[in-house]
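# Structural features, examined
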Amino acid sequence: MKAGFIQTHPEFGRIKENVESALKEIDSLDADLVVLPELFSTGYQFRTKEEALKLSEPVDGGYAAGRLSEAAKKKKIHIVAGFAEKAGKKTYNSSMLIGPRGVVGVYRKAHLFWNEKKIFSRGDTDLKVYRAGGAKIGMMICFDWIFPEVARTLALRGAEIICQPSNLVLPYCPQAMITRSLENRVFSITANRVGTEERVRGTRLHFIGTSQIVAPNGSVLYRAAGDGVEAASMDIKPEEARDKDITPMNNIFKDRRKDLFVL
Ligand code: ACM
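Let me sum up the structure you'll find in this document. (Residues numbered from 1 in each chain as written. Predicted model: local features only at pLDDT ≥ 70, side-chain atom pairs only at ≥ 80, totals over all residues. Heavy atoms only, no water.)

## Examining the overall build of the chain
Looking only at helices and strands, one finds 6 helices and 16 strands in the chain. In terms of its C-alpha atoms, the chain occupies a principal-axis envelope of roughly 55 × 40 × 35 Å. Of the contacts made within the chain by residues no fewer than 6 positions apart, 69% connect residues no fewer than 24 positions apart. Looking at the chain, you have 40 positive and 32 negative side-chain charges, and the mean spots of the two groups are 4 Å apart. (Helix = DSSP H or I, 4+ residues; strand = E, 2+ residues; numbered from the N terminus. Contact = heavy atoms within 4.5 Å. Lys, Arg positive; Asp, Glu negative; His and termini not counted. Charge placed at Lys NZ, Arg CZ, Asp CG, Glu CD.)

## Focus on the pairing of strand β7 (residues 135–139)
For β7, the buried fraction is high: 4 of the 5 residues fall into the buried class. Examined bridge by bridge, strand β6 (residues 129–132) and β7 share 4 bridges and lie antiparallel to one another. Considered in β7, the bridge of Tyr130 is made with Ile137. Taking the residues that link successive antiparallel strands as the turn, the β6-β7 hairpin has 2 residues, and the phi of Gly133 there is positive, at about 60°. Sheet topology note: the β7/strand β8 (residues 161–165) ladder contains 3 bridges and is parallel. (Buried < 20%, exposed > 50% of the residue type's maximum accessible area, 1.4 Å probe, protein only. Pairing = 2+ DSSP bridges.)

## Description of the packing of aromatic side chains
Scanning all chains against the criterion turns up 7 aromatic pairs. Between Tyr44 and Phe207 the ring centres are 5.7 Å apart and the planes differ by 75°, which places this aromatic pair in the edge-to-face class. Residue Tyr44 is found in the loop between β2 (33–35) and α2 (49–55), and its partner Phe207 is found in strand β11 (residues 203–208); the two are separated by 163 residues along the sequence. Both residues of the pair, Tyr44 and Phe207, count as buried. Between Phe113 and Phe143, the aromatic rings sit 5.0 Å apart at their centres with planes inclined by 55°, giving tilted as the arrangement. Taken together, the positions of Phe113 in the loop between β5 (102–108) and α4 (116–119) and Phe143 in the loop between β7 and α5 (148–156) put the pair 30 residues apart, joining distant regions of the chain. The buried category is assigned to Phe143, whose relative accessible area is 19%. Put simply, the rings of Phe113, Trp114, Phe143 and Phe147 touch in pairs and so form one group of aromatic residues. (Phe/Tyr/Trp six-rings, centres within 6.5 Å; stacked < 30°, edge-to-face > 60°.)

## Considering a nonpolar patch on the surface
Side chains of Leu260, Phe261 and Leu263 sit close together on the surface and give an oily, nonpolar patch of about 400 Å² of accessible area. Mapped onto the fold, Leu260 is located in the segment after β16 (250–251). (Patch = residues over 30% accessible without salt bridge, like charges linked within 9 Å, V, L, I, M, F, W, Y side chains within 5 Å. Areas by Shrake-Rupley, 256 points an atom, 1.4 Å probe, with all protein chains shown as cover. Salt bridge = Lys/Arg side-chain N within 4 Å of Asp/Glu carboxyl O.)

## Regarding the sheet that holds β7
What the 6 strands build is an open sheet, ordered β6-β7-β8-β9-β12-β13; its pairing is mixed. Looking at the sheet topology across the chains shown, the edges are occupied by β6 and β13 (220–223). Here the average twist between neighbouring strands, direction ignored, is 20°. Relative to strand β12 (residues 212–214), strand β9 (residues 187–191) is paired through 3 bridges, and the arrangement is antiparallel. When the bridges of β12 are listed, Ile189 appears paired with Ile213. Seen against the sheet, helix α6 (residues 173–184) touches β8, β9, β12 and β13 and runs at an angle of roughly 20° to β12. (Axes fitted to C-alpha atoms, helices over the stretch in contact; angles between N-to-C directions.)

So, in structure tokens, the structure goes:
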């Protein structure tokens, strides 16, 4: 299968424009699975909870979910996209999986980063694994990377590809995701954005791009530039992620000394 990402440069608050420009990239990308960044339709830096609630959208009937569903149906593909999810009076920093028949599942970010804690409700969904075309996929969002239990749980549940919508501002994640892939023998796709936002005075955020696709052996199959909109996909074999043997005598799941670990 072909799996890839769109590295975007959203304009804060302009949902229609951001969705339509991502759709243009999706339309010209040859991929069965496409990952979009965290909060791809709204931008990142909300000033208040109220602003986030105003700009957030429900999965059912939301503009982003609707338009991405049309594209997934037309191209017979799966799309993972980060968005601000409205659920009653709460806003979640969420990721949706969309397939040819519409929304398949939603993951709400478990580990909120910095001021996100003032804006979003903490995720209350499980770390689920879904079938997407020929692969089993799991979703995590950006800062979830620093908690290795997230990728490990998805891998133990059978994920072959970890899809990670992101809005990275710290430099560590692209390198760390090589380890997340290697220690779990899974593919990972990190879709990041570029550009800067300073909607809160004194808090200027620069997003680092460098979206990437990593193989189960830790090799970086593709890494995007630190700036600029970019779309990329690679030919991958999800079944490679089913082999958890590192040597004939070491299986990374069976060898785990659970008797020594704090869980
Ligand atoms: C992040 O979790 N957006 C850094």
